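So the chains spell out like this:
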Amino acid sequence: MAGALNKLKKSLSLRLSFRSQTSETAFPQRPDFSADISESDSRSTASRSSPSVSRFSRSISTRSSKKTCAICLANLKPGQGQAIFTAECSHSFHFSCIASSVKHGNHVCPICRSKWKDIPFQFPTNGSDPQRNGSGQARRRLHEDIQANVPSNLPPSPPRPEPHHFSDDEPLPAETTSPTSSAHPQTVTVKAFPEFPAIAASESVFTFAVLVGVRAPPLLADAHQLERAPIDLVTVLDVSGSMAGSKLTLLKRAVRFVIQNLGPSDRLSIVAFSSGAQRIFPLRRMSDRGREDAVLAVNSLSSNGGTNIVEGLKKGVRVLEERREHNPVASIILLSDGKDTYNCGNNNQHRSPQNRTSANPRQVLEYLNLLPVSICPSNSESVDEARLPTIPVHTFGFGSDHDSASMHAISDSSGGTFSFIESVGMVQDAFARCIGGLLSVVVQELRLTMRSVSPGVNIGSIPSGKYVSEISDEGQQGVVDVGDLYADEEKEFLVYLSVPVVSAAEGEEKVEKTSLLDIGCSYKDTVSKEVVQVEGERVEIRRPQVLSPTDVIVSLEVDRQKIRLWVADGIAEAQELVEMGNVEGAQGVLTNCRSTLLASASAQAGDGLCNWLEAELREIRGRMASMESYEHTGRAYVLSGLSSHSWQRATTRGDSTSQSGSTGGVIGYDTPTMVSMVTKSQTLNFMNPPGQVRRLNKSCSLTPRRE
């Protein structure tokens, strides 16, 4: 009886084993991305099987034509310490073999060539298995990759062929009337301050300064998106081999932040470049679907190859030049961590230490000649080309190995700004500051005008930085083309006048005042699309016979602007000296600048801008302490600062100089919308540190917060 019972048990176990193996072959399961069968697990399974089952399994394996892996041609016999992957087409391979094949872009079965819907993904273990070592964080990241179905290190599928012409931009939404669009409640404000309240009637002054400024209206806290101009934005991103690792990870995170904060009327395109350039995402509206697709495109980025900045910019320009429809604002964001290895004739490593500079002026000019006219107007060869609108390129130099001179020149020629991202964790904050401005354009095509209103009062000069200024009618009229203004953004310019002696004819009353200038501006309102004319107050000064003590008190507004220009000129002079190897001379210029600043009336009055400028000078002195420190980070820091001063617009610079006051007020060139966007970025970084980067998927909120 016992013998018969044993035979029955053996027969049942053999049948169960046969059913198990045939079912696995006939119905392959959905591949598990997290599967990693260990050798110990396989051995323990084999040890639990009875000898008779093992013998029967071997006979079945023999009769199934000795299954082998079609990639390595090794045996697929279980229990050999390797995981086995069975695809949906029922063909099996070693998991490590097929994962390596997929890593090189092969997404079809090597045997039957059928395209797989479920692709194996091998999680990077860094020497340990996240399933075995109990690392909760690693398991959570793996789980998120599986849930998002877009593994962070899964190489992208072969890119779709680009169209011959980039006229495939998504149409703009139909224009709707905003409740406030019929009449904008606020306009640009114009201000003016004479250097002194009075000039003696018997005196003539040839360089009398008048501060003229304009300020854009704010974006209301509950403002509809139509309160600002929508944007067509192209991000041109360096994905060369040097961007591998945390650089690329945090770049993706920063671009996803940009995507999250664009509105449904804004459009975004993404261009990636390394040895060549590829448009990986067309110009599309950032609707919910558009954001999701843009995030998938960003997640697909991988790093390899060299650095071809010119090709990346050419492709980005094509996206904007060949679009069928146009948003009112268009801009390019360029980020790179290296030198253009395909278009630069010089490299720092081939120079002697005493002559090692990023690029001399001639080489920079030759480099700019390679760029399209749309971002380098000086390359125009005809009148029609010269009339093309210039596309601002906001450049971001990443790390200490980028070509800061070329990046600065690109931004300067196009009307953009240059930011220096010194540490890898600053990328998102730098992008946040930039889009905080770009997403708050409330004024366009602003033109500031000044006209003399008294005989003998002539305009001598208008230091306007990078803004184009013109003096006409023999000094009777001056114009500054300011262009776009961000919400709450302010621009200030000094106008130097010649003021003549006042003499009253016999029998006439003594002249008590002199009218100097009439100030005004014109601009296009982004809501009504209408041209608005604003007239400021007339600038006048008293002309007493004898000056009183209060008549010689300088205007702090004028003094502050003079000091700002003095510091900016001093920094530029120091940079020229250090580029020639004269570190000692550069230090002397900076020391003189600081002494002049601290002795000014504005600094003595505790002016916040003067304190900020003093901190900037101190920082630059440290970065110019030696040629080594200047080469490492000093040049990029200085050029970013000069870009900020010349456009009176905030940039990101290194790690040290704060762009906001300690009291919470805005100092320098930051606008409230920039500060708000950077704060939002830093809050997200605090809640989700860069070391724990998570994927933006459908569960994340994609609705931009209205600042």
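The rules we used
Residues numbered from 1 in each chain as written. Predicted model: local features only at pLDDT ≥ 70, side-chain atom pairs only at ≥ 80, totals over all residues. Heavy atoms only, no water. Helix = DSSP H or I, 4+ residues; strand = E, 2+ residues; numbered from the N terminus. Buried < 20%, exposed > 50% of the residue type's maximum accessible area, 1.4 Å probe, protein only. Contact = heavy atoms within 4.5 Å. Areas by Shrake-Rupley, 256 points an atom, 1.4 Å probe, with all protein chains shown as cover. Lys, Arg positive; Asp, Glu negative; His and termini not counted. Salt bridge = Lys/Arg side-chain N within 4 Å of Asp/Glu carboxyl O. Pairing = 2+ DSSP bridges. Axes fitted to C-alpha atoms, helices over the stretch in contact; angles between N-to-C directions. Parallel < 35°, antiparallel > 145°, perpendicular 65-115°, else oblique. Nonpolar A, V, L, I, M, F, W, Y, C, P; charged D, E, K, R; others polar. Phe/Tyr/Trp six-rings, centres within 6.5 Å; stacked < 30°, edge-to-face > 60°. Lys NZ or Arg CZ within 6 Å of the ring centre and 35° of its normal. Expected span 1.5 Å × (residues − 1). Right-handed = clockwise from strand over helix to strand, strands pointing away. pLDDT = per-residue confidence, 0-100. 1 Å grid on protein atoms, 1.4 Å probe; cavity = no way out; pocket = protein on both sides within 12 Å on 5 of 7 lines; lining within 4 Å. Points joined across faces, edges and corners; volume = space filled by probe spheres on them.

**Student:** What is the right way to read the overall build of the protein chain from this model?
**Tutor:** Tallying secondary structure elements over the protein chain gives 18 helices and 18 strands in all. The 707 residues of the protein chain split such that 47% are buried. In the protein chain, of all internal contacts separated by at least 6 residues, the share reaching a separation of at least 24 is 74%. Within the structure as shown, the protein chain displays about 34000 Å² of accessible surface, and the carbon and sulfur contribution to it stands at 52%.

**Student:** So what exactly am I meant to see when it comes to the side chain of Arg-564 here?
**Tutor:** With respect to the secondary-structure elements, Arg-564 resides in helix H13 (residues 556-579). Here Arg-564 is buried and forms no salt bridge, its nearest opposite-charge partner Glu-492 lying at an N-O distance of 6.1 Å. Excluding residues within four positions of it along the chain, Arg-564 makes contact with Glu-492, Leu-613, His-645, Gln-648 and Tyr-669.

**Student:** How should the sheet that holds strand S15 (residues 490-499) be read in this particular structure?
**Tutor:** Pairing between sheet strands relies on hydrogen bonds along the backbone, with the strands arranged either parallel or antiparallel. Across the sheet, four strands lie side by side as S3-S4-S15-S12; this open sheet has antiparallel pairing. Strands with a single pairing partner mark the edges of an open sheet, and in this sheet they are strand S3 (189-194) and strand S12 (458-461). Ignoring which end each strand starts from, the neighbouring axes of this sheet average 35° apart. In the packing of H13 onto the sheet, the strands contacted are S3, strand S4 (205-215) and S15, and the crossing angle to S15 comes to about 100°.

**Student:** Hey, could you run me through the sheet that holds strand S5 (residues 231-238) in this one?
**Tutor:** In spatial order, the strands read S7-S6-S5-S8-S9-S10; together these six strands make up an open sheet with mixed pairing. Every interior strand has two partners, whereas the edge strands, strand S7 (277-285) and strand S10 (418-421), have only one. Averaged over neighbouring strand pairs, the angle between their axes works out to 15° when direction is ignored. Inspection of the sheet shows strand S8 (residues 329-336) paired to strand S9 (residues 393-398) by five bridges, in the parallel sense. Residue Ile-332 lies in a different strand from S9, and its bridge partner there is Val-393. Packing against the sheet, helix H8 (residues 309-321) makes contact with S5, strand S6 (267-273), S7, S8 and S9, and its axis sits at approximately 160° to S8.

**Student:** What should I look at first to understand the packing of helix H11 (residues 404-414) against helix H17 (residues 627-647) in this one?
**Tutor:** Geometry of a packed helix pair, given as the angle between the helix axes and the separation of the axes. Their axes nearest at 9 Å, the elements H11 and H17 cross at an angle of 10°. Between H11 and H17, the angle falls in the class roughly parallel. Packed against H11, whose contacting residues are Ser-404, Ala-405, His-408 and Asp-412, the element H17 presents Arg-635, Ala-636, Leu-639, Ser-643, Ser-646 and Trp-647 at the interface. Each residue belonging to the contact of H11 with H17 can be placed in one class, and the counts come to four nonpolar, four polar and two charged.

**Student:** Looking at this structure, I do not really get the pattern of salt bridges. What am I missing?
**Tutor:** This structure, assessed with the given rule, holds 37 salt bridges. Between Lys-562 and Glu-195 there is a salt bridge, with the nearest N and O atoms lying 2.6 Å from each other. Of the two residues, Lys-562 sits in helix H13 while Glu-195 sits in the loop between S3 and S4, which places them 367 residues apart along the sequence. Since its relative accessible area comes to 28%, Lys-562 is described here as partly exposed. Residue class for Glu-195 comes out buried when judged on its relative accessible area of 9%. Across the pair Lys-247 and Asp-337 runs a salt bridge whose closest N-O atoms are separated by 2.9 Å. In this pair, Lys-247 is assigned in helix H6 (residues 246-261) and Asp-337 in the loop between S8 and helix H9 (361-368), connecting sequence segments 90 residues apart.

**Student:** What's the story with the packing of aromatic side chains in this structure? I'm lost.
**Tutor:** Within a pair of aromatic rings, the relevant descriptors are the distance that separates the centres and the angle that separates the planes. A complete count under the given rule lists four aromatic pairs for this structure. Residues Tyr-467 and Phe-493 carry aromatic rings whose centres are separated by 6.0 Å and whose planes lie at 90° to one another, so their mutual orientation is edge-to-face. With a gap of 26 residues between them, Tyr-467 in the loop between S12 and strand S13 (468-472) and Phe-493 in strand S15 connect regions that are remote in the sequence. For the pair Tyr-467 and Phe-493, one class covers both residues: buried. Each residue in the set Tyr-467, Phe-493 and Trp-647 is aromatic and connected to the rest through ring pairs, giving one cluster. Lying over the aromatic face of Phe-398, Lys-247 brings its terminal NZ or CZ to 5.6 Å of the ring centre. The ring of Tyr-486 has Arg-649 sitting right over it, with the charged end atom 3.9 Å from the ring centre.

**Student:** Honestly, unusual backbone geometry in this entry has me stumped. Any pointers?
**Tutor:** For Ser-90, which is not a glycine, the phi torsion comes out positive at approximately 80°. Mapped onto the secondary structure, Ser-90 falls in the loop between strand S1 (84-86) and strand S2 (92-94). Not every positive phi belongs to a glycine, and Asp-473 is a case in point at roughly 55°. Note on placement: Asp-473 falls in the loop between S13 and strand S14 (477-486). Since its relative accessible area comes to 43%, Asp-473 is described here as partly exposed.

**Student:** What is the right way to read H13 from this model?
**Tutor:** Residues separated by three or four positions in an α-helix point in the same direction, a consequence of the helix having 3.6 residues per turn. An ideal rise of 1.5 Å per residue puts 34 Å on 24 residues; H13 measures up with 34 Å between its terminal C-alpha atoms. Once H13 finishes, Gly-581 follows within two positions and takes phi at roughly 90°, a positive value.

**Student:** Where do I start with the pairing of S6 in this structure?
**Tutor:** As a general feature of sheets, a regular strand has side chains that alternate between the two faces. Within S6, seven of the seven residues are buried, which leaves the element mostly enclosed by the surrounding structure. The two faces of S6 match: Arg-267, Ser-269, Val-271 and Phe-273 on one face and Leu-268, Ile-270 and Ala-272 on the other face are all buried. Once the chain exits S5 it traverses H6 before rejoining the sheet at S6, and the crossover so formed is right-handed. Where S6 lies against S7, six bridges are found, and the strand directions are antiparallel. In the sheet register, Ala-272 faces S7, and the bridge partner there is Gln-278. Between S6 and S7, which pair antiparallel in sequence order, lie three residues.

**Student:** Would you explain the confidence of the model for the protein chain in this entry?
**Tutor:** Note that predicted coordinates carrying low pLDDT should not be read in detail. Taken as a whole, the protein chain shows an average pLDDT of 79; of its residues, 72% reach a score of 70 or greater. A low-confidence stretch, residues 178-184 stays under pLDDT 50, and its non-local contacts, those more than four residues away or across chains, total 10 contacts. For the stretch residues 692-707, pLDDT sits under 50, and the model shows 40 contacts to residues farther than four places along the chain or on other chains.

**Student:** Explanation requested: the environment of Ile-563 in the structure shown.
**Tutor:** In this structure, Ile-563 sits in helix H13. Assessed through its relative accessible area of 6%, Ile-563 is described here as buried. Put simply, Ile-563 and Leu-598 are 35 residues apart on the chain and 9.7 Å apart in space, counted from C-alpha to C-alpha. Setting aside residues up to four positions removed in sequence, Ile-563 forms contacts with Thr-596, Leu-597, Ser-600, Cys-610 and Leu-613.

**Student:** I'm lost on the pairing of S4 in this one. Help?
**Tutor:** Judged from the six bridges that link them, S3 and S4 form a sheet pairing that is antiparallel. Within the sheet, the bridge partner assigned to Val-190 lies in S4 and is Val-214. Relative to S15, S4 runs antiparallel, the two sharing nine bridges. Directly across from Val-205, in S15, lies its bridge partner Val-499.

**Student:** So what exactly am I meant to see when it comes to empty space enclosed by the protein here?
**Tutor:** Where empty space is left in the structure can be found by rolling a water-sized probe over the atoms. For the structure on display, the rule yields three cavities of 30 Å³ or more. The computed volume of the largest cavity comes to approximately 80 Å³. What lines the largest cavity is a set of 13 residues, among which His-394, Thr-417, Arg-433, Cys-434 and Ala-650 lie closest to the centre. Secondary structure elements with two or more residues in the lining of the largest cavity: S9 and helix H12 (427-438).

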